[in-house]
Amino acid sequence: MLTKKIVPLQSFLSVVSRRAGHLAGRHYDVIVVGGGHAGTEAAAAAARVGAETLLVTQKIHTIGVLSCNPSLGGVGKGQLVKEVDALDGLCGRAGDWAGIYFSILNRRKGPAVWGPRAQLDRQRYREFIQSELLCTPRLTVLEGAVEELMVTDANPQEPGRHRVTGIRLANDSDPILASSVVLTTGTFLSGSLFMGRTTSPGGRIGDAPSSAGISNTLRDRLGLRMGRLKTGTPPRILKDSVDFSLAKFQPPDSIPSPFSFLNTHVRCKPEEQQSCYLTYTTPGVERVVRETLHLNCHVQQDTKGPRYCPSIESRVLRFPGRSHQVWLEPEGVNSDLLYPQGLTMTMPPEMQLRLIREIPPFHRAEIHTPGYGVHYDYVCPTQLSPALQVKSAQGLFLAGQINGTTGYEEAAAQGVWAGANAARSALSMPPVTLSRTESYIGVLIDDLVTRGVTEPYRMFTSRAEFRTSLRPDNADLRLTLKGFEEVGCVSSFRYQETVRVRDSLQEALTALQSLTMSPPAWRKKLPDIRMSEAKGNMLNGMEVLQYQDVSFEMLESVFPECLSPYKEFSQRLKIEVFLTFFHLSKRDIERIQREENMSLPQDIDYFSLPVSLSVEVRQILDRVRPSTLGAATRLPGVTPAAIVHLLNYVWHKGQKEKRAHKRQLHQKEDREEELSARNAS
């Protein structure tokens, strides 16, 4: 049941520290720099693992702020939220508490690509996160600006050229020491704001950037390769100035689906959900964009921006003559503002007003806060280990946009993993990693540390090779047990609940398999279901549940004595039996994991291989020529099926060569014996 008493902000401020004087010289296990999505998850995860943790942020009241769109989840992103929750993270439960509009994207497609998503109330989300941090044991929050990292010589017994031992705050001569430091600076790392021709320092409007000393330490003292990325946010529009009759209403799901596995429902009642609308740009929008390009220095810069969440200027320039979607989304239950998703822009404010009024629902719209762009520093993530630790700097971990990603969900996923590993390092425990075959977080981290980024990285389901097994519904079974038994970041309560769910699901599947009848008997039990007359074999409950028109509730009503205990898992059971082919995929996953280091012959002619590979896959393999099977799995465009076919070919070819070699040895031995016999005679 979803219940929570939110602690007022004044109470939160009363128990955290606004002054660093009494902390000077104190040694923490972990210090986390930054109070955004990555920082809050990192701090909470480190404390859950058992580390004495300090979270340092420039402004305490902005902890948990949704800087851009007040939403959570989506296709690929929703999977990350579910996985963060499975590891006992914060954002899933915060989304259930603050959500005001819930929907499952891609519902018409298979469950592997469903995207849980919610619009959020900004104030409720921030209050929930701050309240959670307040209640987290071993966690202290400090308001302050970090001036620099403390760097010393490396421990010669460990890899790395340097060691980070703490931080120094601005206007404070004494350092605060720690065994591990996690940087989650977001867009604040040497951030610059752009609006028209105006540029000012900052990482978010109204907030200063982080100290240039951090960037200097990373670049000059630690010798890290760094780059520059950009992003932006749209203007906020006064809701009362919008004509919603000229936009298309987009209803939410009738029954909201919680993000958290601990919740059976969300705070917002179904009938209390807010409204979202859809509209489109007009030729007038493109005209305004082109007429104001000379006034827009953000667009003229070469710095890479997010391809999958581009500004309206970028969309118009890349796809001229097209009409582009604009979503009208609420900012909160009591907010008088509207968020126009799809209208990120950085032109002068007066031109922004002119542009939005070219869109029919906004013909009389008024802007409350203009849109703007942000440029910021990031660290090339190939310099990180899979634990998100900087390879050359002992004790330094990075998470979030500092690693070249974009989005709350990607930041939160990195935060929980960096925080857990930072705590384990501080407590002299070995690092833990997540494979891309077991989680989207593993896919995210592996992509970052092995491929790097050339533009802000966003998660999609297409990035996961085995997405049929990495579904939103089974993130708890994939990660919670590991999070408790191996990582140490999951509570005993959540672990026990997941064990109960796992055992109940297995019992339910066994109960379904025990319900075995002939097709005529099943048709008698379920007369409204079309079942083939040709089926002559016996069918069990799992096979019947695979029928599209059959629900678990139907079977439970017919066989209440054995199925009613599992009614709470009806949707999960439907997905499990519907994806029975997943068990084949699971065997393939296990084989690929075992054979990840299998060498691929460098003389393979991929174009003539007698296996089922598309022309595109053959071209990619021929161009890159990966040295191992694991390297092949990480190539964009190489499908999971192609990896399996390649594995089978190389394995069988190797077995054939072994047999041929063995025959040659036997033939050689036979000839030697024959020769010896002749000489003896």
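Residues numbered from 1 in each chain as written. Predicted model: local features only at pLDDT ≥ 70, side-chain atom pairs only at ≥ 80, totals over all residues. Heavy atoms only, no water.

1. Some points on the pattern of salt bridges
Per the counting criterion, the structure on display carries 34 salt bridges. D85 is the partner of R494 in a salt bridge, and the nearest nitrogen-oxygen pair spans 3.0 Å. Taken together, the positions of R494 in helix α14 (residues 492–514) and D85 in helix α3 (residues 77–86) put the pair 409 residues apart, joining distant regions of the chain. We note that R494, like D85, is buried. (Salt bridge = Lys/Arg side-chain N within 4 Å of Asp/Glu carboxyl O. Helix = DSSP H or I, 4+ residues; strand = E, 2+ residues; numbered from the N terminus. Buried < 20%, exposed > 50% of the residue type's maximum accessible area, 1.4 Å probe, protein only.)

2. Things to note about the nonpolar core
Formed by 113 residues in total, the largest nonpolar core has its most connected members in I31, I167, V181, L183, L218 and L396. Ranked by residues supplied to this core, first place goes to helix α11 (residues 408–426) with 11 residues. Residue contributions to this core reach at least three from each of two domains, namely domain 1 (27–231 + 375–486) and domain 2 (236–372). Once you skip the residues sitting within four places of it in the chain, I167 turns out to touch I31, V33, V56, V146, E148, L149, M150, P175, I176 and V181. (Core = buried A, V, L, I, M, F, W, Y, C linked by side-chain atoms within 4.5 Å. Domains from an automatic or database assignment. Contact = heavy atoms within 4.5 Å.)

3. Let's talk about a negative patch on the surface
A cluster of acidic side chains, namely E669, D670, E672 and E673, defines a negative patch on the protein surface. Of note, E673 is situated in helix α23 (residues 640–680). Relative accessible area serves as the criterion here: at 55%, E673 is assigned to the exposed category. (Patch = residues over 30% accessible without salt bridge, like charges linked within 9 Å, V, L, I, M, F, W, Y side chains within 5 Å. Areas by Shrake-Rupley, 256 points an atom, 1.4 Å probe, with all protein chains shown as cover. Lys, Arg positive; Asp, Glu negative; His and termini not counted. Charge placed at Lys NZ, Arg CZ, Asp CG, Glu CD.)

4. Describing the packing of aromatic side chains
The tally for this structure, following the rule as stated, stands at 5 aromatic pairs. Grouped by ring-pair contacts, the aromatic residues F244, F249 and Y277 constitute a single cluster. Residue placement shows K82 over the ring face of F261; its charged tip is 4.3 Å from the ring centre. A cation sits over an aromatic face here: R463 above Y457, 4.1 Å from the ring centre. (Phe/Tyr/Trp six-rings, centres within 6.5 Å; stacked < 30°, edge-to-face > 60°. Lys NZ or Arg CZ within 6 Å of the ring centre and 35° of its normal.)

5. Examining the sheet that holds strand β3 (residues 71–73)
Taken together, 3 strands build an open sheet; the order of strands is β3-β5-β4 and the sheet is antiparallel. Each end of this open sheet is capped by a strand with a single partner; those strands are β3 and β4 (99–105). Adjacent strand axes in the sheet meet at a mean angle of 15 degrees when their direction is disregarded. Two strands pair when backbone bridges link them, and β4 and strand β5 (residues 115–120) are joined in this way by 6 bridges, in the antiparallel orientation. Each bridged residue has a counterpart across the sheet, and for F102 the counterpart in β5 is A118. (Pairing = 2+ DSSP bridges. Axes fitted to C-alpha atoms, helices over the stretch in contact; angles between N-to-C directions.)

6. A closer look at unusual backbone geometry
Although it is not a glycine, R138 sits at a positive phi angle of roughly 70 degrees. Assignment of secondary structure puts R138 in the loop between α5 (122–134) and β6 (139–143). Residue R138 is classed as partly exposed on the basis of its relative accessible area of 35%. Even without glycine at this site, S190 takes up a positive phi of about 55 degrees. One can find S190 in the loop between β9 (176–183) and β10 (192–195).

7. Some details on the side chain of D121
Mapped onto the secondary structure, D121 falls in the loop between β5 and α5. This buried residue, D121, is left without a salt bridge; R124 holds the nearest opposite charge, at 4.2 Å. In this structure the side chain of D121 is engaged in a polar contact, spanning 3.0 Å, whose partner is the backbone nitrogen of Q123. In this structure the side chain of D121 is engaged in a polar contact, spanning 3.1 Å, whose partner is the backbone nitrogen of R124. If sequence neighbours within four positions are ignored, D121 has contacts with A98, I100, E331, G332, V333 and N334. (Polar contact = N/O pair within 3.5 Å; in protein donor to acceptor, adjacent residues only side chain to side chain.)

8. Some thoughts on helix α12 (residues 440–451)
Under the 1.5 Å per step criterion, the end-to-end length of α12 is 16 Å for 12 residues, consistent within 8% with the ideal 16 Å. Within α12, 10 of the 12 residues are buried, which leaves it mostly tucked inside the rest of the structure. If you check which residues of α12 are buried, you get Y440, I441, G442, V443, L444, I445, D446, D447, L448 and V449. Buried positions along α12 lie against α3 and α11. (Expected span 1.5 Å × (residues − 1).)

9. A few points about the domain arrangement of the protein chain
Each assigned domain of the protein chain is listed here: domain 1 (27–231 + 375–486), domain 2 (236–372), domain 3 (506–581) and domain 4 (598–669). Placing a centre on the C-alpha atoms of domain 1 and another on those of domain 3 gives a separation of 43 Å. Taken together, the contact between domain 1 and domain 3 spans 9 residues of the former and 6 residues of the latter. Of all residues in domain 1, P111, R471 and D473 give up the largest surface area on contact with domain 3, accounting jointly for 57% of the area buried on that side. At the boundary of domain 1 and domain 3, one finds 2 salt bridges. At the junction of domain 1 and domain 3, the tally comes to 3 residue pairs in polar contact (both at pLDDT 80 or more). When the residues that make up the side of domain 1 that touches domain 3 are grouped by side-chain class, the tally is 3 nonpolar, 2 polar and 4 charged. (Buried area = accessible area lost by both parts, 1.4 Å probe. Nonpolar A, V, L, I, M, F, W, Y, C, P; charged D, E, K, R; others polar.)

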